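Now for the letters of each chain:
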Amino acid sequence: MADMKELANLVKELEDQLVTCIRCGMCQSVCPLFEQTRKEADVARGKLALLTGLMENMFTDPDGVNERLNRCLLCGSCAANCPSGVNVVEIFIKARAILAEYKGLSPAKKLIFRQLLAHPGRFDAMVDWAGRFQGLFAKPDANAQGTSCARLVSPLLSNRHFMPLSSNPFHKTLPEKGVTTPGSGPKAAIFIGCLIDKIFPGVAHASLKVLSHHNVGVVIPPGQGCCGIPSLASGDRDSFTRLVDHNLALFEKYDFDVLVTACATCTSTIKKLWPSVYKNPSPGMQKKLTALSEKTMDINQFLVDQVGIEPIETGLEDAEKEIVTYHDPCHLKKSLGVADQPRQVIRAAGCRLEEMAGSDKCCGMGGSFNVYHYDLSSAIGTLKEHNIEATGCTAVSTGCPACMMQISDMLGKAGASIRVRHPMELYARALEKLTP
């Protein structure tokens, strides 16, 4: 019981945020998980009640509360629909950290987060090694999405159609000292992100091409690490803080006006979570984190709001243009309010944008949620796949590489001939057609 009192005191760190929930239940109607399970404990209101019970010493089962907290996509649909402005995602992230620090991380998570992910050079080498041997365990699907599937029955991979690791990750194409190019406009530093680096390097190359076309000065420090969200979502605040320190030290060496990323999750993490969840920051560190947060933008937002882009003339009538639909990543629209800018980029690329039903509904990925609850993740993703196919599109675009993976999986399983592309890839492709 003494230990439970200690835990209750730790959870009191969240008391000011927990009391703002008035239990109205508005979160229920927009929760993609509740839509599948119809269980109150899966809704934000239910989880917040569990945390309050833990704080008030009403429960003696921290494992049960932890299990419920981890049954969440962290999509922020509840927070975006909350009339009281409860910052649900931040509460859940902090609560996961409190429970992990109280209970301790599993050996597997310690290995993955503290021995690999928190050491970017070591992590790059491990992924490089895995990429060389992935052909032993996976085979290409030869579909429009470019996915692979397991050669043998695998409990870990299930029946997933997953994106393979790139044979040439973006960081390997960088000069040893990184990239520093002059420009006539604002100077942009680029945070690459793990998934773009190792699975979708074409998005990084396309982003560079687009920024160069618009004479934007670019800085890309070498040796970048993960933004830290996988560690943080699993409650490992120590690894998260180490990664923030690593990346902050890299970018501090350069002078730039804006930090852009082509990954919605990295953008949201740097902008929202670096300043609010960093462990015990000094006043000086807090000032640095806040300053970088204020400089951080999604690359679509930067191009539309600061650079200004004009439609690329393709010479095609509207009926002749490629039909593209757009999926709003939760970390872009719900977290940062960025929704119109990616659509403007797609139209500027000469595509005909056809809106899908529920374009801002979660795709079901949710990071580790997809790993631990693939059945639910897949059920939510199947709804997205149906909405995409109903538009009659030949490509679906989205600004989050994690969403790209989930949508590719769903389209691959459905046998749909629909490509998955980032808005930067569509825009860069249109620019190539302008090249004499």
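Residues numbered from 1 in each chain as written. Predicted model: local features only at pLDDT ≥ 70, side-chain atom pairs only at ≥ 80, totals over all residues. Heavy atoms only, no water.

Draft legend 1. Representation of the sheet that holds strand S11 (residues 419–421). If you trace the four strands from one edge of the open sheet to the other, you get S9-S8-S10-S11, paired in parallel fashion. Strand pairing shows two members of the sheet lacking a second neighbour, strand S9 (352–353) and S11, which therefore form its edges. Two strands pair when backbone bridges link them, and strand S8 (residues 323–326) and S9 are joined in this way by two bridges, in the parallel orientation. Along S9, the bridge assignment pairs Ile323 with Arg352. Packing of helix H23 (residues 423–434) onto the sheet brings it into contact with S8, strand S10 (395–397) and S11, and relative to S11 it is tilted by some 95 degrees. (Pairing = 2+ DSSP bridges. Helix = DSSP H or I, 4+ residues; strand = E, 2+ residues; numbered from the N terminus. Contact = heavy atoms within 4.5 Å. Axes fitted to C-alpha atoms, helices over the stretch in contact; angles between N-to-C directions.)

Draft legend 2. Just the packing of helix H5 (residues 62–70) against helix H7 (residues 88–103), in detail. Contact pair H5 / H7: the axes reach a minimum separation of 10 Å and the direction vectors enclose 145 degrees. Crossing of H5 against H7: the hand is left-handed. Taking contact as the criterion, the partners of Pro62, Asp63, Val65, Asn66, Leu69 and Asn70 in H5 are, on H7, Phe92, Ala95, Arg96, Leu99, Tyr102 and Lys103. Looking at the contact of H5 with H7 residue by residue, the classes come out as seven nonpolar, two polar and three charged. (Left-handed = near helix turned anticlockwise from the far one by under 90°. Nonpolar A, V, L, I, M, F, W, Y, C, P; charged D, E, K, R; others polar.)

Draft legend 3. Structural detail: the sheet that holds strand S3 (residues 179–181). Within the open sheet, the five strands sit side by side as S3-S5-S4-S6-S7. Their pairing is mixed. Edge strands, defined here as strands with exactly one partner in the open sheet, are S3 and strand S7 (296–298). On average, each strand axis in the sheet is inclined to that of its neighbour by 30 degrees, with strand direction left out of account. The pairing of strand S6 (residues 258–261) with S7 spans three bridges and is parallel. Bridge pairing links Leu259 to Thr296 in S7.

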